[in-house]
2 protein chains.
Amino acid sequence: MKKLTTAVLDQGKTTDILLADDLKDLANHLGGYGRAVMWVFDTNTAKLFKQLPPAHVVLESGESSKHLSSLERILSTCLDEGLARDGRIIGFGGGVVCDLSAFAASVYMRGCRLTLVPTTLLAMVDAAVGGKTAVDFRGMKNMVGSFYPAGEVLICIDTLRTLSDKEFLNGLAEVIKHALLSQDEELYKFLLVKKNEILSREPKTLATLVELSLEVKKWYIEQDPTETKGIRQMLNLGHTFAHALESSSHFGSWSHGAAVAWGTCRALEAGIAMQVTDKAYAIGATKLFKSYGYDIEHRIGRGDWIEFRDHLLKDKKKADGKVLFVLLEGQGKGVLRPLEMPLIQHLVIAKPIF
Amino acid sequence: MKKLTTAVLDQGKTTDILLADDLKDLANHLGGYGRAVMWVFDTNTAKLFKQLPPAHVVLESGESSKHLSSLERILSTCLDEGLARDGRIIGFGGGVVCDLSAFAASVYMRGCRLTLVPTTLLAMVDAAVGGKTAVDFRGMKNMVGSFYPAGEVLICIDTLRTLSDKEFLNGLAEVIKHALLSQDEELYKFLLVKKNEILSREPKTLATLVELSLEVKKWYIEQDPTETKGIRQMLNLGHTFAHALESSSHFGSWSHGAAVAWGTCRALEAGIAMQVTDKAYAIGATKLFKSYGYDIEHRIGRGDWIEFRDHLLKDKKKADGKVLFVLLEGQGKGVLRPLEMPLIQHLVIAKPIF
């Protein structure tokens with residue numbers, strides 16, 4: 001185990017982010033916790049174990065598990081296992097497992113210990129770090145949740161080997177988003193130069209990719225741990241468009257990452273229309289997404305607009321009843337702006353402008 | 001409206017505690033919030049209004065509402081009403097309404113605004129202040145919840161006029177507990193001298209009683225907002241015994257306050273047995289509870305011991321598997337100690353020692 005970094009969040013709570021050499025190294029570390037632990041897997045990650053630890057919950061993999069009833073199941077098992085407030089929940093899986101385990105840890109006896117082992121690229125660079133926990137509620141993504149940083153996040157690049165290409169790209173979209181939000185160009189350049197190594201999942205390259213991406217996220221969350229200062233919200237670049245797309249496709253055909261790639265490109269176009277975003281920068285960033293294979297030219301059907309709009313209007317980022325979007329002035333410079341409905345409609349329905 | 005005090009909790013979050021002159025003064029203040037609010041009542045407090053505000057939930061009064069399903073109902077209504085993250089939940093009622101409204105506010109969009117209007121003595125001096133939110137879970141009291149201080153707590157002494165004697169005594173037990181935990185003797189002496197005025201609910205006396213009691217609670221919660229430093233836990237004096245009594249009586253015959261009075265007297269006896277508590281102090285404090293009419297001599301039946309013990313073992317205050325009890329060295333001096341089961345059994349089953 002090698003410590004990558006420590007994120008310092010609200011009330012001085014810290015998240016240690018550790019990199020495991022391999023699965024054995026990871027297992028050794030986790031074995032050290034002893035017995036006052038409760039594990040959360042999904043049907044994919046449970047398969048990684050010959051024998052599951054005694055106290056565990058296995059969730060059906062996928063977004064449909066991200067529901068209050070799964071939270072109740074985890075809490076119930078914690079109680080069955082006699083877990084006390086000084087006990088530990090270990091979430092071992094992708095974003096859904098991480099978000100749910102962390103939500104459960106935040107409310108079980110008003111907060112117990114929490115270790116997250118993100119096993120997808122998306123969870124490593126996003127869900128596991130930063131303390132946001134959530135479940136979907138009445139079809140609305142991440143509508144109910146809390147802020148509760150994990151005490152430690154254990155990253156094992158080996159777990160990325162068995163991901164499907166779709167799932168790998170799901171996470172890579174957030175990495176590219178982080179590249180645009182970074183205060184420097186290191187990650188952006190790395191993505192341009194190392195495309196082949198990244199797509200062939202060369203382990204050392206992926207370790208660097210994850211580390212660089214986490215540094216960007218860490219910068220934002222440390223400055224604004226509970227998203228009250230208008231800084232952390234910049235990480236939502238592309239997400240307002242993305243959530244509406246995901247919700248109106250009923251979490252079916254669009255993965256979160258693919259939707260974020262699409263949404264970020266819509267935000268870049270919106271920025272041009274609002275004279276906020278430099279056009280050359282927007283074109284370069286759009287090309288970067290395209291080079292990794294994202295369907296950024298997708299447009300929703302005219303008949304789906306009403307549903308898309310209704311989902312937009314339920315977004316959490318609102319002020320005075322208007323939905324706010326993150327736009328980019330340029331590299332690392334996000335701004336929060338309301339957009340008028342006709343512009344949004346044009347952006348998601350009309351033909352691409354470049 | 002008169003500001004009594006401001007409690008400063010974690011991350012610099014503050015709770016303003018305001019005292020209303022009367023119901024009209026309270027209504028004026030609440031009317032100022034405009035429309036982005038969602039109200040939570042119970043069947044008792046809903047009766048105080050000729051016409052309920054448009055966005056509201058009315059919970060069945062009593063502990064049986066303190067359940068995840070009520071939380072879901074509140075969250076669902078917030079969503080129906082289009083409440084955004086800058087919207088406000090107003091909890092108007094006793095401890096159950098306050099705890100549930102605050103839990104909902106803490107998780108709705110990961111946290112929206114919160115005003116609490118405690119309408120019982122118990123809620124005024126305890127539930128509404130300090131940020132603890134909770135629901136019962138699988139029969140276990142306050143097993144699931146969060147820390148989320150209200151932005152403001154509005155106290156209107158007029159609402160105490162219609163409480164039953166049982167409900168009034170329910171709150172008064174926490175006041176007496178605060179008197180024992182206070183760093184000075186002002187509240188203790190007030191309770192000794194003003195017994196008749198308190199029991200006849202003389203408004204000015206009650207306002208002073210609530211203010212003195214809140215000062216004690218404030219002292220503890222400000223020093224240890226999320227109960228991680230072993231200071232705030234002192235407020236649990238009597239509660240380990242009390243929760244087990246309430247749980248094993250299935251939240252039926254024992255009110256929380258009556259159980260706390262009983263439990264505090266058991267903790268005083270335990271302190272004598274452990275040579276922690278000064279005997280003269282314990283006798284005085286026990287007499288104070290008795291003078292206000294609490295059944296502190298109750299003993300559980302031998303046949304109920306196993307269930308009582310099982311509930312004890314599920315208590316949140318555990319270290320290394322042992323349940324910890326708050327004992328008193330003397331006025332304002334709490335200590336946390338594990339107790340052996342035979343001693344506990346003796347204390348709750350055997351005849352009173354004084």
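Residues numbered from 1 in each chain as written. Chains lettered and ligands numbered in written order. Predicted model: local features only at pLDDT ≥ 70, side-chain atom pairs only at ≥ 80, totals over all residues. Heavy atoms only, no water.

(A) Here's a closer look at the UniProt feature "domain: 3-dehydroquinate synthase N-terminal" (unreviewed entry) in chain A. Here the UniProt feature "domain: 3-dehydroquinate synthase N-terminal" (unreviewed entry) sits at residues 57–169 of chain A. The span residues 57–169 of chain A is 34% helix and 29% strand, and its two end C-alpha atoms sit 27 Å from each other. (UniProt positions renumbered as here; feature names shortened; annotations may be inferred. Helix = DSSP H or I, 4+ residues; strand = E, 2+ residues; numbered from the N terminus.)

(B) The relation of the copies chain A and chain B, seen in detail. With an RMSD of 0.0 Å, the operation that places chain A on chain B is a rotation of 180° combined with a shift of 0.0 Å along the axis. The two molecules are tied by a two-fold rotation axis, judged by turn and shift. No C-alpha of chain A approaches the rotation axis more nearly than that of Q11 of chain A, which lies at 2.8 Å. Of all interface residues in chain A, 100% are interface residues in chain B too; the two copies therefore contact each other through one and the same surface. (Least-squares fit on C-alpha atoms with pLDDT ≥ 70 in both. Contact = heavy atoms within 4.5 Å.)

(C) Quick peek at the pattern of salt bridges. Within the structure shown, the criterion is met by 34 salt bridges over all chains. With a closest N to O distance of 3.3 Å, D158 of chain B and R161 of chain B form a salt bridge. Residues joined in a network through salt bridges with shared partners are E63, K141 and E246 of chain A. (Salt bridge = Lys/Arg side-chain N within 4 Å of Asp/Glu carboxyl O.)

(D) Quick peek at the pairing of strand 12 (residues 333–338) of chain B. Residue and element names in this part refer to chain B. Relative to strand 12, strand 11 (residues 322–330) runs antiparallel, the two being bridged by six bridges. Its bridge partner being in strand 12, G330 is matched across the sheet by K333. Counting the residues between successive antiparallel strands, the hairpin from strand 11 to strand 12 contains two residues, one of them, G332, with a positive phi of roughly 75°. (Pairing = 2+ DSSP bridges.)

(E) Here's a closer look at the interface of chain A and chain B. With 38 residues of chain A at the interface, the matching set in chain B holds 38 residues. Carbon and sulfur atoms make up 57% of the area that chain A and chain B hide from each other, which totals about 3,300 Å². Where chain A meets chain B, there are four salt bridges. The salt bridge partner of E227 of chain B is R85 of chain A, with a shortest N-O separation of 2.9 Å. Applying the counting rule to chain A against chain B returns 12 residue pairs in polar contact (both at pLDDT 80 or more). Listed by contribution, the elements that provide at least two residues to the side of chain A that touches chain B are helix 2 (68–80), helix 3 (95–107), strand 7 (132–137), strand 8 (140–147) and strand 10 (318–319) of chain A. When residues of the side of chain A that touches chain B are assigned to their parent elements, the largest contribution, seven residues, is made by strand 8 of chain A. When grouped by side-chain class, the residues that make up the side of chain A that touches chain B number 15 nonpolar, 10 polar and 13 charged. (Buried area = accessible area lost by both parts, 1.4 Å probe. Polar contact = N/O pair within 3.5 Å; in protein donor to acceptor, adjacent residues only side chain to side chain. Nonpolar A, V, L, I, M, F, W, Y, C, P; charged D, E, K, R; others polar.)

(F) Local environment of the sheet that holds strand 4 (residues 56–59) of chain B. All names here are of chain B. Taken in spatial order, the seven strands make up an open sheet running 1-2-9-6-5-3-4, and their pairing is mixed. This sheet does not close on itself; its edge strands, each paired only once, are strand 1 (2–8) and strand 4. Adjacent strand axes in the sheet meet at a mean angle of 15°, parallel and antiparallel pairs treated alike. Bridge analysis of strand 2 (residues 14–19) against strand 9 (residues 152–155) gives four bridges, and the strand direction is parallel. Bridging across to strand 9, I17 finds its partner in V153. (Axes fitted to C-alpha atoms, helices over the stretch in contact; angles between N-to-C directions.)

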